[in-house]
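In case you want the letters, here they are:
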Amino acid sequence: MANQDTARLQQLDRDHYLHPFTDFKSLGEEGSRVVTRAEGVYIYDSEGNRILDGMAGLWCVNIGYGRKELVEAATSQLEQLPYYNSFFKTTHPPAVALAEKLCQLAPAHMNRVFFTGSGSEANDTVLRMVRRYWTIKGKPEKQWVIGRKNGYHGSTVAGMSLGGMAPMHEQGGPCVPGITHIRQPYWFGEGRDMSQDTFGRECAAALEERILELGEENVAAFIAEPVQGAGGAIMPPESYWPAVKEVLAKYDILLVVDEVICGFGRLGEWFGSQHYDLEPDLMPIAKGLSSGYLPIGGVLVGDRVADTLINEGGEFFHGFTYSGHPACAAVALRNLELLEAEGIVDRVRDDLGPYLAKRWASLADHPLVGEARSLGLMGALELVADQQTGERFDESLAAGNLCRDLCFDNGLVMRSVGDTMLISPALVITREEIDELIGLTRQALDETARRLI
Ligand code: PLP
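Residues numbered from 1 in each chain as written. Predicted model: local features only at pLDDT ≥ 70, side-chain atom pairs only at ≥ 80, totals over all residues.

**Points about the overall build of the chain**
On a plain count of helices and strands, the chain comes out with 17 helices and 15 strands. Relative to its length of 453 residues, the chain is compact, with a C-alpha radius of gyration of 22 Å against a globular reference of 22 Å. Based on the C-alpha atoms only, the size of the chain along its principal axes is roughly 65 × 60 × 45 Å. Residues counted as buried form 47% of the 453 residues belonging to the chain. Partitioning the contacts of the chain with sequence separation of at least 6, the portion at a separation of at least 24 is 71%. (Helix = DSSP H or I, 4+ residues; strand = E, 2+ residues; numbered from the N terminus. Rg over C-alpha atoms; globule rule 2.2 N^0.38 Å. Buried ≥ 20, exposed ≤ 12 C-beta atoms within 10 Å, placed from the backbone. Contact = placed C-beta atoms within 7 Å.)

And the structure:
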């Protein structure tokens, strides 16, 4: 694509397109990078640059770009039946087949799924289902949902309220009432004055404290990501989830595990819940479900909640025009079949995850890196001004954004959350491509250091 086409697209983009999660004004000044095509783990921009996509789009293109099988699944479904709903006692083959497949892959006690168009809608569904469940059970006062600070559960009003992103809460008035947040298990950011083990237990104890403050009889559910994604690829200390499970076992509260990022192989199991041995009552899913080729999400529902909704609940007044959309369902099903047939999830667990862990950890010797952590194919680097003390750069330097921009210019997509650099590449990345990713990251760190120190 010629230069003038890029400039024209950038101008039209400025003039008409309000982008998600974007400072509209700064976009006007700088102009957007125009991405035009993609293959494997690489994206290409309108100027012909090849860029290694270390984020798999937005943590979603698990199977990699350019899979013709998914195009074929979409095309043939669009020809056969482009749309029909599943309201009012109708259904269609792709949604049924996808539901069956998901329930095969999910933990054994999860045998039902409700489809949505996105992860945010999945979490709206979670909130409605949790409240509906307790109302049917004759305990309508069980309304409170406990989430975590810096957790992310989407951008709709319910998703934003369940999440604990302060900047989102500060925009636009009150959140949904009846939602409260406890501290996050972010050892590097908040717990380095104690051992990981102790810190993990303290964070779990905060859950019990909040349950007791609110009164167990008023608490409906606890919601958390297995590993916080958007919050900064925060892998909790080993002690955290076992201690949370102990707390939950004492109280009659539902567990919601948000698998929107961790699901579909990211951590080396089909679901993050399997990695941490969790038994969720509800699991919101999206992203890797269709590898982002078409939009689809859902909520996997455990037997306890499903049996109640089905046998005792009557009509549940909830659903979306695109719940179980035939083409999206067909693509998602093909995506899951390919992930399974090609052993991609096992490869993350047995080969690529351990390989990335070794290579990623090698970056910890860089003077800018305070911590290099990874699990499966998700990783984070903590940028610091002083490696010994872990002191951060002054916020005004925006070190993370600088490093992110340098990465992009140098042929690698990384994401920054404050001064935490994140990667989450497609699960089909090869060892050689991981080596390339590590090399590009080191170059960007060197260049960032040159500018800051
Ligand atoms: N839940 C988690 C854990 C997420 O990371 C996201 C998106 O990043 C969502 C929910 C929201 O999904 P969506 O953007 O599809 O609405």
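Additional details are given in the paragraphs that follow.
**Focus on the site of the ligand**
Taken together, 16 residues form the shell around the ligand, and within it Ser118, Gly119, Ser120, Gly154 and Val260 come nearest. For the shell around the ligand, the leading source of residues is helix H6 (residues 119-136), giving three residues. Split by residue class, the shell around the ligand holds five nonpolar, nine polar and two charged. (Near = placed C-beta within 6 Å. Nonpolar A, V, L, I, M, F, W, Y, C, P; charged D, E, K, R; others polar.)

**Here we look at helix H10 (residues 196-214)**
For H10, which comprises 19 residues, the first-to-last C-alpha distance of 28 Å matches the rise-based estimate of 27 Å (1.5 Å per residue) to within 8%. By the burial criterion, the buried members of H10 are Phe199, Gly200, Arg201, Cys203, Ala204, Leu207 and Ile211. The inward-facing, buried residues of H10 contact strand S5 (144-148), strand S6 (179-182), helix H9 (187-190), strand S7 (219-224) and helix H11 (240-250). Phi for glycine 215, located one or two positions after H10, is positive at around 90 degrees. (Expected span 1.5 Å × (residues − 1).)

**Overview of the packing of helix H4 (residues 68-80) against helix H14 (residues 326-341)**
It is the contact of H4 with H14, at a shortest axis distance of 8 Å, that shows an interaxial angle of 150 degrees. As the angle between them shows, H4 and H14 are arranged roughly antiparallel. Considering how the two elements wind past one another, H4 and H14 form a crossing that is right-handed. Facing H4, whose interface residues are Glu69, Leu70, Ala73, Ala74, Gln77 and Leu78, H14 presents Pro326, Ala327, Ala330, Val331, Arg334, Asn335 and Leu338. (Axes fitted to C-alpha atoms, helices over the stretch in contact; angles between N-to-C directions. Parallel < 35°, antiparallel > 145°, perpendicular 65-115°, else oblique. Left-handed = near helix turned anticlockwise from the far one by under 90°.)

**Points about the pairing of strand S4 (residues 110-116)**
Burial runs high along S4: five of the seven residues are buried. Pairing of S4 with strand S10 (residues 297-302), which is carried by six bridges, proceeds in the antiparallel orientation. Bridging across to S10, phenylalanine 114 finds its partner in valine 299. (Pairing = 2+ DSSP bridges.)

**Let's talk about unusual backbone geometry**
The phi angle at lysine 287 is positive, at roughly 35 degrees, despite the residue not being glycine. Tracing the backbone shows lysine 287 in the loop between strand S9 (282-285) and S10. One non-glycine residue, serine 291, lies in positive phi territory at about 50 degrees. Relative to the assigned elements, serine 291 resides in the loop between S9 and S10.

**Re H4**
Owing to its 3.6 residues per turn, the α-helix brings residues three or four apart onto one side. Here H4 spans 18 Å end to end across 13 residues, near enough to the 18 Å set by a 1.5 Å rise per residue. Close packing links the buried residues of H4 with helix H5 (93-105) and H14.

**As for the confidence of the model for the chain**
Scored by pLDDT, the chain has a mean of 97; 100% of the residues are at 70 or more. In the predicted assembly, ipTM is 0.99 and pTM is 0.98. (pLDDT = per-residue confidence, 0-100.)

**Re the sheet that holds strand S3 (residues 50-53)**
The four strands lie next to each other as S1-S2-S3-S13, forming an open sheet whose pairing is mixed. Edge positions in the open sheet fall to strand S1 (35-39) and strand S13 (412-413), since each of these has one partner strand only.

**Thoughts on the packing of helix H16 (residues 399-409) against helix H17 (residues 431-452)**
Running from N to C, H16 and H17 cross one another at 130 degrees; their axes reach a closest spacing of 9 Å. Put simply, H16 runs oblique to H17. The way H16 lies across H17 gives a crossing that is right-handed. Counted together, Ala399, Leu402, Cys403, Leu406 and Cys407 of H16 and Leu440, Ala444, Leu445, Glu447, Thr448, Arg451 and Leu452 of H17 form the full contact between these two elements.

**Considering the nonpolar core**
One finds Val130, Val145, Val299 and Val331 to be the most contacted residues of the largest nonpolar core, which totals 128 residues. The greatest single-element share of this core, amounting to nine residues, is contributed by H14. Valine 145 has contacts with Leu127, Val130, Leu162, Gly178, Ile179, Ala220, Ala221 and Ile223, leaving out every residue within four places of it along the chain. (Core = buried A, V, L, I, M, F, W, Y, C linked by C-beta atoms within 7 Å.)

**With respect to the environment of isoleucine 253**
Mapped onto the secondary structure, isoleucine 253 falls in the loop between H11 and strand S8 (254-257). Taking the C-alpha atoms as reference points, isoleucine 253 and tryptophan 134, 119 residues apart in sequence, are found 9.8 Å from one another. Leave out the neighbours within four places in its chain, and isoleucine 253 touches Ile211, Val219, Ala220, Ala221, Phe222 and Leu248.

**Regarding the sheet that holds strand S14 (residues 415-417)**
Spatial strand order, S11-S12-S15-S14: four strands in an open sheet with antiparallel pairing. Bordering the open sheet on either side are strand S11 (369-375) and S14, each of which pairs with just one other strand. The sheet shows a mean angle of 20 degrees between the axes of neighbouring strands, taken without regard to direction. Here three bridges tie S14 to strand S15 (residues 420-423), and the two strands are oriented antiparallel to one another. When the sheet's bridge partners are listed, serine 416 is paired in S15 with methionine 421. Where H16 meets the sheet, it contacts strand S12 (378-383), S14 and S15, and its direction lies at approximately 180 degrees from that of S14.

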